[in-house]
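Letter by letter, the chains look like this.
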Amino acid sequence: MRQIRTVKGTHDILPGDTNKWQVLEKIIHGVGSRFGYQEIRTPIFEETQLFARSMGEDTDIVSKEMYSWKDRDGTNLTLRPELTAPVVRSFIQHSLGTAAPLQRLYYIGPSFRRERPQKGRLRQFHQFGVEAFGSGNPEQDAEVIAMAWHILSQLGISESSALQLNSIGSPDCRMAYRETLKEFIRPNLDQLSETSQKRFETNPLRILDTKATHEKKMLEGAPSVSDCYTDEDKWHFESVQDFLNAMDIPFTLNPRLVRGLDYYTRTVFEFTSKTLGAQDALLGGGRYDGLVETLGGKATPGIGFAAGMERFLMAMEEIEQKSGESKNDIYFVCLNEEGLSDALSLSNELRQAGYNVISDPLRRSMKAQMREANKSGARFALILGETEREQKSIQVKDLKNGDQISIAQSDLIHHFQHLTK
Ligand code: HAM
């Protein structure tokens, strides 16, 4: 029979790796609370319309990367390819905007895109991200970018990452720029790739994103979106830069950075990693002041980012050192069947008191259990044999230095509390 394996582009996260994920998740929760953000969890599938209306029909994600199907009742459903649109949907559905003028949220969870799998690019991957609603001011942009920076710093990868920053202006500015850019490109239109020719009509700004060398060269003298900024766009973008400088967060201005989704306005940014190779985008985000209204809510400014957790883990060279081994305090060695009830109840008491206790349910020999105890990384082994059971005592063996003492079972918790004080 054929062995069933994971679907292409998906991965199991095995026990040897889950503690790295836990370290990353803990840091995300920690930075979230330090900045006053609250966690939100939304379903992994939504109505397809949500993504089509928010990200734009012509984007790569909506036009070719979504896992969509028709449900039995005829509803079109999609596995979420990102979480911004679901979070905005939830914000509107639960009137979160009326509860407080600011709603600052973060999330962790899987996303799905049917891309061609390669290193750092999966079909089920995990994102964490933040979305801040209610302030259109540049200090909110700076705060969101600072959060990303904090997480990178805590993981020890801020030095090997680079922040690229741009403003794509307000919608009016972008409309004007679209036309200017099209005029610039039009004479060389036939030299563009098929994709870029299509984008010329649907979303010409995305041509600036091109990876093709000849197109990059052709775009060298292209007009810049900054030529179309309104006074307010200019003030906003300069203020974001001033605030980042004040926080000593280094960045590079990249007038070609446009990002692939339609909902962005003004600030857009990306952190890339120098250690990742082709898929080097660690995280990306930007402002989306029109999105809440587009999805049927009251006009509310917003800004956020999302990061690929698999890429973070790849970029974290120091992860082994940071994650350490999971801590096992005690290995319980029980030598006969009659002792099992005592062993189970003593183990439970120790766990209630906060100790990590491993027990052995295979009824193996003392030698085999002691070998496991040493392998487990536990600091102590507790040994319960016939004599100990009769005397209501227990042997405590220090696995580091080999010392062994016998104590009363009733003193066990007190003994450990005293040791670890
Ligand atoms: P995005 O740039 O499409 O933005 O994705 C954010 C991050 O998710 C990327 O920088 C990358 O690290 C990771 N990522 C994307 N696709 C894959 C994949 N196939 N495999 C592995 N990692 C991947 C968004 O999703 C926006 N929602 C960000 C945002 C939040 N903007 C405002 N708020």
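Residues numbered from 1 in each chain as written. Predicted model: local features only at pLDDT ≥ 70, side-chain atom pairs only at ≥ 80, totals over all residues. Heavy atoms only, no water.

Burial runs high along strand β15 (residues 393-398): five of the six residues are buried. Where strand β14 (residues 380-384) and β15 come together, four bridges link them in antiparallel fashion. Bridge pairing in β15 links leucine 382 to valine 396. Relative to strand β16 (residues 404-408), β15 is paired through five bridges, and the arrangement is antiparallel. For glutamine 395, the partnering residue across the bridge sits in β16 and is serine 406. Count of turn residues in the β15/β16 antiparallel hairpin: five residues, of which glycine 402 carries a positive phi of about 85°. (Buried < 20%, exposed > 50% of the residue type's maximum accessible area, 1.4 Å probe, protein only. Helix = DSSP H or I, 4+ residues; strand = E, 2+ residues; numbered from the N terminus. Pairing = 2+ DSSP bridges.)

On to the packing of helix α6 (residues 138-154) against helix α10 (residues 231-246), then. Closest axis-to-axis distance for the α6/α10 pair is 8 Å, and the angle between their directions is 45°. By the criterion of interaxial angle, the relationship of α6 to α10 is oblique. The handedness of the crossing between α6 and α10 is right-handed. Each of Pro138, Glu139, Asp141, Ala142 and Ile145 in α6 lies in contact with α10, whose residues at this interface are Trp235, His236, Ser239, Val240, Phe243 and Leu244. (Axes fitted to C-alpha atoms, helices over the stretch in contact; angles between N-to-C directions. Parallel < 35°, antiparallel > 145°, perpendicular 65-115°, else oblique. Left-handed = near helix turned anticlockwise from the far one by under 90°. Contact = heavy atoms within 4.5 Å.)

This brings us to the nonpolar core. Membership of the largest hydrophobic core comes to 86 residues, with the highest contact counts inside it found for Phe128, Phe269, Phe271, Phe305 and Phe312. Formed by 17 residues, the second largest nonpolar core is a distinct cluster that contains Leu350, Leu382, Leu384 and Ile394. (Core = buried A, V, L, I, M, F, W, Y, C linked by side-chain atoms within 4.5 Å.)

Here we take up the packing of helix α2 (residues 48-55) against helix α4 (residues 84-93). Interhelical geometry of α2 versus α4 gives an angle of 105° and a closest axis separation of 9 Å. One finds that α2 runs roughly perpendicular with respect to α4. Here Leu50, Phe51 and Ser54 of α2 lie close against α4, whose contacting residues are Ala85, Pro86 and Arg89. Within the contact of α2 with α4, the residues separate by chemical class into four nonpolar, one polar and one charged. (Nonpolar A, V, L, I, M, F, W, Y, C, P; charged D, E, K, R; others polar.)

Right, let's talk about the packing of aromatic side chains for a bit. Counted under the stated rule, the structure contains twelve aromatic pairs. For the ring pair tyrosine 355 and phenylalanine 416, a centre distance of 5.7 Å and an interplane angle of 50° mean the geometry is tilted. With tyrosine 355 in the loop between α14 (340-352) and β13 (357-359) and phenylalanine 416 in helix α17 (residues 412-419), the pair connects residues that are 61 residues apart, well separated along the chain. The exposure classification of tyrosine 355 matches that of phenylalanine 416, with both residues buried. With a centroid separation of 5.3 Å and 75° between ring planes, the pair formed by phenylalanine 380 and phenylalanine 416 is classed as edge-to-face. Of this pair, phenylalanine 380 sits in strand β14 while phenylalanine 416 sits in helix α17, placing them 36 residues apart in sequence. On the accessibility criterion, phenylalanine 380 (10% relative accessible area) is buried. Connected via pairs of aromatic rings, a cluster forms that spans Phe91, Phe133, Tyr263, Tyr264 and Tyr288. (Phe/Tyr/Trp six-rings, centres within 6.5 Å; stacked < 30°, edge-to-face > 60°.)

The strand order across the open sheet built from five strands is β13-β12-β14-β15-β16, with neighbouring strands paired in mixed fashion. The open sheet is flanked by β13 and β16, the only strands paired with a single partner. Shown here is a sheet whose adjacent strand axes are inclined to one another by a mean of 25°, direction ignored. Pairing geometry for strand β12 (residues 330-334) and β14, over five bridges, is parallel.

A few words on the domain arrangement of the protein. In terms of domains, the protein is made up of domain 1 (15-170 + 230-321) and domain 2 (326-419). Taken over C-alpha atoms, the centre of domain 1 sits 47 Å from the centre of domain 2. (Domains from an automatic or database assignment.)

On to the site of the ligand, then. Surrounding the ligand, one finds 27 residues, the nearest of these being Glu82, Thr84, Glu115, Leu122 and Tyr264. Measuring from a nitrogen atom of the ligand, one finds a side-chain N or O atom of tyrosine 263 at 3.1 Å. Here a nitrogen atom of the ligand sits 2.7 Å away from a polar atom, N or O, in the side chain of tyrosine 264. Across the complex, the protein chains shield 95% of the 660 Å² of accessible surface that the ligand would expose by itself. Broken down by element, the residue count for the shell around the ligand peaks at six residues, all from strand β10 (residues 281-287). Residues that form the shell around the ligand fall into these classes: twelve nonpolar, eight polar and seven charged. (Near = heavy atom within 4 Å. Polar contact = N/O pair within 3.5 Å; in protein donor to acceptor, adjacent residues only side chain to side chain. Areas by Shrake-Rupley, 256 points an atom, 1.4 Å probe, with all protein chains shown as cover.)

This part covers helix α7 (residues 171-185). Given 3.6 residues to a turn, an α-helix orients residues that are three or four positions apart in the same direction. In this model α7 runs 21 Å from its N-terminal to its C-terminal C-alpha over 15 residues, within 8% of the 21 Å that 1.5 Å per residue would give. Along α7, the residues classified as buried are Cys173, Arg174, Tyr177, Leu181, Lys182 and Ile185. Down the axis of α7, the sector holding all buried residues measures 160°, keeping them to one side. For α7, the exposed residues lying more than 90 degrees away from the buried face are Asp172 and Met175. Buried residues along α7 sit against α8 (194-202), α9 (213-218), α10 and β9 (265-273). (Expected span 1.5 Å × (residues − 1). Arc of directions from axis to C-beta.)

Before going further, it helps to examine the sheet that holds strand β5 (residues 103-112). Reading across from one edge, β1-β5-β6-β11-β10-β9-β7-β8 is the order of the eight strands in this open sheet, with mixed pairing throughout. Each edge of the open sheet is held by one strand with a lone partner, namely β1 (38-39) and β8 (252-253). Bridge count between β9 and β10: six bridges; the pairing is antiparallel. Bridge pairing in β10 places phenylalanine 269 opposite glycine 285. Here α4 sits on the sheet and contacts β5 and β6 (124-133); the angle it forms with β6, its principal contact strand, is near 45°. Strands in contact with α10 are β7 (161-167), β8, β9 and β10; relative to β7, the strand with the most contacts, it is inclined by about 160°.

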